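One-letter residues, chain by chain:
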Amino acid sequence: MSFSIETFLFVTIILILFYLIKKARAVILLAASLVFIYHLDVGSFIWILAVTAIVYGIGIAEDKLIERIEKKKDKSAVTLKILVVASVVLCAVLLFALKNIARWGERDDALIKILLPIGFSYYIFQAISYIVDVYRRKAKAEKNPINFALYMCYFPKFVSGPIERSDTFLVRVKELSGVRLFENKRFSISFSTIIYGYFLKVVVADRLAFFTTRLLNDSARFGAAWLFLGMVMYSIQIYCDFAGYSAVAIGISNLFGIELTENFHAPYLSRNISEFWRKWHISLSRWLRDYIYIPLGGSRKGNARRFLNTAIVFIICGIWHGADASFLAWGLLHGFYVMAFGLYSEAKRKRATGKEPASIMNVAGMVFTFLIVSFAWIFFGAPNIGSAACYVGRMLTMTPGVDSFAAQAADIGASRRDMILPIYGVVVLALDLLIARKDKRIGRAMQGIPDVARYVILYGMIMAILLLGIYGPGYNASSFMYVNF
């Protein structure tokens, strides 16, 4: 959701209609979602309608076959399995083709826009989970086309997720008539969450982008010190960009009584890489676990099979983000991290003889995990594998830049005003510490602190958004980094 007066008016109008017309709340949200998508991109509007209609039909067909199976008609089981496998394969092939064919060609922007609709990865993953869950009997096929279309098209999550499961989302849709705006501090929690999301995005992520874009694309001009700083800044940028979008989506959705999946839970405070992946892009991590890792056998068939399954999952994760070798390298790095940590954990359990200083080890684990994750982000953010290799090579060999550190700062565009940038990182860390300490989402975590402190924090974030934020004409949903995936 973009930071603009149009977005504010759009959400306000939908909110008024939603609470005025209680009997048609699902219809209002679906209409709003379709208007949002159409305004965002006509091609994406056509794609989502087609995918929604096809998957809805597949779900109904599954439901009928399951009814026949329960009546002991054995041939229906084979038909059902063929239908599910064919549907999942079609979704996977379609996703792979649309994400990569245009990019492998002449990189024609018009072709990419047609073949790579906004939000496609997210609702295709939702489609796959729905088809599989109906087959597994974990969810029932939704017969109400309005409710199902809302599950697929719901506008707060359309651009960059989170990836929702039908069983939980549709339950909330069916309870819309009982939603009250001011019950259980709904409005206060939503407001805090939205402000937090916009602060992360327009104040922190977009201002850091001025530096990281130049450093990642032209690393040969800069020395190791600036490249190390760039690595750290990009780590914070991508977190604030994606977590910021997720927070805005969650906050707006909560106003309508639909609780979306939490996508980030202070991931950079993780003590190890496994914990990081339980807290980073949570909806994607769980999707990969439930629909790829566990069906492959998970960790049930020995270390060799567990490591192979882990490698497959992270290769798929890398390819999902893009077909370039740099994304594959990013995925393989994380696969290596997870496997290495698994071996380390097993060895540690076998030789454990006493208690270790928990606080020191926890801090050391957090710092180490942040650094290896940040290192992997270089491959994610660089334009190609060659640029990533150049960046890493210059940084690790402590290569000096073509000019002095101060001259490089001027070259990159840093000014005295940018000396405040480290404060942004401290603020983000403080908010993450609050989330981790309360073990709640940011909106609810802020409800647990004194009112005066909460008001000061909110006032500070609002002032930062208005005075320091990057927004205005031309700023739209496509400016979020993860819209490209």
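Conventions and cut-offs
- Residues numbered from 1 in each chain as written.
- Predicted model: local features only at pLDDT ≥ 70, side-chain atom pairs only at ≥ 80, totals over all residues.
- Heavy atoms only, no water.
- Helix = DSSP H or I, 4+ residues; strand = E, 2+ residues; numbered from the N terminus.
- Buried < 20%, exposed > 50% of the residue type's maximum accessible area, 1.4 Å probe, protein only.
- Contact = heavy atoms within 4.5 Å.
- Areas by Shrake-Rupley, 256 points an atom, 1.4 Å probe, with all protein chains shown as cover.
- Expected span 1.5 Å × (residues − 1).

K.L.:
Kindly report on the overall build of the protein, identifying the contributing residues and their values.
P.N.:
A tally of regular secondary structure across the protein gives 21 helices and zero strands. Split into buried and exposed, the 485 residues of the protein put 53% on the buried side. The contacts in the protein between residues at least 6 apart in sequence include a share of 74% that link residues at least 24 apart. If you sum the accessible surface of the protein, you get close to 22600 Å²; carbon and sulfur atoms cover 67% of it.

K.L.:
So what's going on with the environment of I462? Which residues, and what values?
P.N.:
Considering the arrangement of structural elements, one finds I462 in helix α21 (residues 451-468). Taking the C-alpha atoms as reference points, I462 and Y198, 264 residues apart in sequence, are found 8.9 Å from one another. Residue contacts for I462: discarding those within four places in its chain leaves F191 and I195.

K.L.:
Tell me about helix α11 (residues 224-255), residues and numbers included.
P.N.:
An ideal rise of 1.5 Å per residue puts 46 Å on 32 residues; α11 measures up with 46 Å between its terminal C-alpha atoms. Across the 32 residues that make up α11, a large majority, 28, are buried. Looking one or two residues past α11, G257 carries a phi angle of roughly 80°, positive in sign.

K.L.:
Tell me about unusual backbone geometry, residues and numbers included.
P.N.:
Following G161, the chain continues into P162 via a peptide bond in cis, with omega recorded as 10°. Positionally, P162 belongs in the loop between α8 (155-158) and α9 (166-173). Despite not being glycine, A266 has its phi angle at roughly 50°, a positive value. Residue class for A266 comes out buried when judged on its relative accessible area of 1%. For M398, which is not glycine, the phi torsion reads 55° and is therefore positive. Considering the arrangement of structural elements, one finds M398 in the loop between α17 (385-396) and α18 (405-412).

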